[in-house]
Amino acid sequence: MIAFYLFGLYLAQTLGTQDEAYIAEVIAGLKELPEKVEHILQQSETIKAVAEKISTHNNLFFIGRGLDYAVALEGSLKLKEISYIHSEAYAAGELKHGTLALIEEGIPVIALATQDDLFEKTVSNIKEVKARGAHVFGLHEEGNAELAKAVDEVFAIPATHPPLTPALSVIPPQSLSYYASLARGNDVDKPRNLAKSVTVE
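Treat the numbers as computed from the prediction; the structure is a model and nothing was measured.

K.L.:
What is the right way to look at the overall build of the chain in this model?
P.N.:
Within the chain one finds eight helices and five strands. Counting from the amino terminus, the chain carries its helices and strands in the arrangement α-α-α-β-α-β-α-β-α-β-β-α-α. A compact globule built from 201 residues would reach a C-alpha radius of gyration of about 17 Å, and the chain, at 18 Å, matches this within 12%. Taking the principal axes of its C-alpha atoms as reference, the chain extends roughly 50 × 45 × 35 Å.

The following block contains the structure:
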């Protein structure tokens, strides 16, 4: 991910599509990521507590918009891969008809809402699943107190340059998968039925 960020910045610089000030700002944000990752990992007990709650369920959902949807897909994949809990990731704006019909009382929903420009719309989707009985764990950036009003539990990541947010927001879902797997007594180092494309055609 970091390599792609740098490649994108190189292209922007070469093609002149971004000015030097913007490129310097993003690079400064990249240099701050290790410290911010460490800050998230120091809150692992909070994530572990949530993971132990979801480990008793057989189904759950991830929702998000834009970049958050991409992270939701990764979180759902990782959860299935090592905890064997069935999960699906949905673009929050597509929570209609059949997908919304799957929401039932008490089902966990991991809602990512880290992007300011999509925040209100995501909160609207969260309210839709809450109204149908879902237990919602929200993920947002520090400094945004609004999400806590719409969800049951909330986890905050450090703020960063907007395009860099997935480098941080992906960590809690991956940690959640890890701790949920442990809570279910799985060997996280040897997921069952895992076939890598480098060895299997």
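Having seen the model, we can carry on.
K.L.:
Hey, could you run me through the packing of aromatic side chains in this one?
P.N.:
Here the distance between the centres and the angle between the planes together describe a pair of aromatic rings. Taken as a whole and judged by the stated rule, the model has two aromatic pairs. Note on Tyr-178 and Tyr-179: the rings are 5.0 Å apart at their centroids and 75 degrees apart in plane angle, and the pair reads as edge-to-face. Classification of Tyr-178 as partly exposed rests on a relative accessible area of 36%. Taking the ring centre of Tyr-84 as reference, the NZ or CZ of Arg-192 above it sits at 3.8 Å.

K.L.:
Before we go on, may I ask you to explain empty space enclosed by the protein in this structure?
P.N.:
To find the voids left in a structure, one rolls a probe of water-molecule size over its atoms. Following the criterion strictly, the structure yields one cavity of 30 Å³ or more and no others. If you add up the space inside the largest cavity, you get close to 160 Å³. If you trace the largest cavity, you find 13 residues lining it, with Val-50, Phe-137, Phe-155, Pro-172 and Leu-176 closest to the centre. Contributions of two or more residues to the lining of the largest cavity are made by helix 3 (44-54), strand 4 (135-141), strand 5 (153-157) and helix 8 (171-183).

K.L.:
Where do I start with the nonpolar core in this structure?
P.N.:
Burial of nonpolar side chains together is a common tendency in soluble globular proteins. Residues Ile-54, Leu-60, Phe-62, Leu-79 and Leu-176 are the most contacted members of the largest nonpolar core, which totals 32 residues. Top element by residues in this core is helix 2 (residues 20-41). It accounts for five residues. One finds Phe-61, Leu-100, Val-129 and Ala-134 within the second-largest nonpolar core, a separate group that totals 20 residues.

K.L.:
Is there a simple way to explain the sheet that holds strand 2 (residues 86-91) in this structure?
P.N.:
Strands in a sheet are paired, the pairing made by backbone hydrogen bonds, and the direction either parallel or antiparallel. The strand order across the open sheet built from five strands is 2-1-3-4-5, with neighbouring strands paired in parallel fashion. Every interior strand has two partners, whereas the edge strands, strand 2 and strand 5, have only one. Here the strands of the sheet are splayed against their neighbours by 20 degrees on average, with no regard to which way each runs. Across six bridges, strand 1 (residues 59-64) lies against strand 2 in parallel orientation. Residue pairing in the sheet places Leu-60 in a bridge with Ser-87 of strand 2.

K.L.:
Before we go on, may I ask you to explain helix 3 in this structure?
P.N.:
Think of an α-helix as 3.6 residues a turn; residues three or four steps apart then line up on the same face. Of all the residues in helix 3, the buried ones are Ser-44, Ile-47, Val-50, Ala-51 and Ile-54. Seen end-on, helix 3 carries its buried residues on one side only, within an arc spanning 125 degrees.

K.L.:
So what exactly am I meant to see when it comes to the packing of helix 3 against helix 8 here?
P.N.:
A packed helix pair is summarised by two numbers, namely the angle formed by the two axes and the spacing between the axes. Taken N-terminus to C-terminus, the directions of helix 3 and helix 8 make an angle of 55 degrees; their axes are 8 Å apart at the nearest point. The pairing of helix 3 with helix 8 is recorded here as oblique in orientation. Like other packed secondary-structure pairs, helix 3 and helix 8 cross with a definite hand, here right-handed. Contacts between helix 3 and helix 8 involve Ser-44, Ile-47, Lys-48, Val-50, Ala-51, Glu-52 and Ile-54 from the first element and Pro-172, Ser-175, Leu-176, Tyr-179, Ala-180 and Ala-183 from the second. Split into classes, the residues belonging to the contact of helix 3 with helix 8 amount to nine nonpolar, two polar and two charged.

K.L.:
Just to check I follow, could you spell out the pairing of strand 4 for this structure?
P.N.:
Residues in a regular strand project their side chains so that they alternate between the two faces of the sheet. Most of strand 4 sits out of view: six of its seven residues are buried. Note that strand 3 (residues 108-112) and strand 4 share five bridges and pair parallel. Bridge assignment links Pro-108 to a residue of strand 4, and that residue is His-135. Taken together, the five bridges between strand 4 and strand 5 define a ladder with parallel strand orientation. Of the residues in strand 5, the one forming a bridge with Gly-138 is Val-154.

Definitions and cut-offs
Residues numbered from 1 in each chain as written. Predicted model: local features only at pLDDT ≥ 70, side-chain atom pairs only at ≥ 80, totals over all residues. Heavy atoms only, no water. Helix = DSSP H or I, 4+ residues; strand = E, 2+ residues; numbered from the N terminus. Rg over C-alpha atoms; globule rule 2.2 N^0.38 Å. Phe/Tyr/Trp six-rings, centres within 6.5 Å; stacked < 30°, edge-to-face > 60°. Buried < 20%, exposed > 50% of the residue type's maximum accessible area, 1.4 Å probe, protein only. Lys NZ or Arg CZ within 6 Å of the ring centre and 35° of its normal. 1 Å grid on protein atoms, 1.4 Å probe; cavity = no way out; pocket = protein on both sides within 12 Å on 5 of 7 lines; lining within 4 Å. Points joined across faces, edges and corners; volume = space filled by probe spheres on them. Core = buried A, V, L, I, M, F, W, Y, C linked by side-chain atoms within 4.5 Å. Pairing = 2+ DSSP bridges. Axes fitted to C-alpha atoms, helices over the stretch in contact; angles between N-to-C directions. Arc of directions from axis to C-beta. Parallel < 35°, antiparallel > 145°, perpendicular 65-115°, else oblique. Left-handed = near helix turned anticlockwise from the far one by under 90°. Contact = heavy atoms within 4.5 Å. Nonpolar A, V, L, I, M, F, W, Y, C, P; charged D, E, K, R; others polar.

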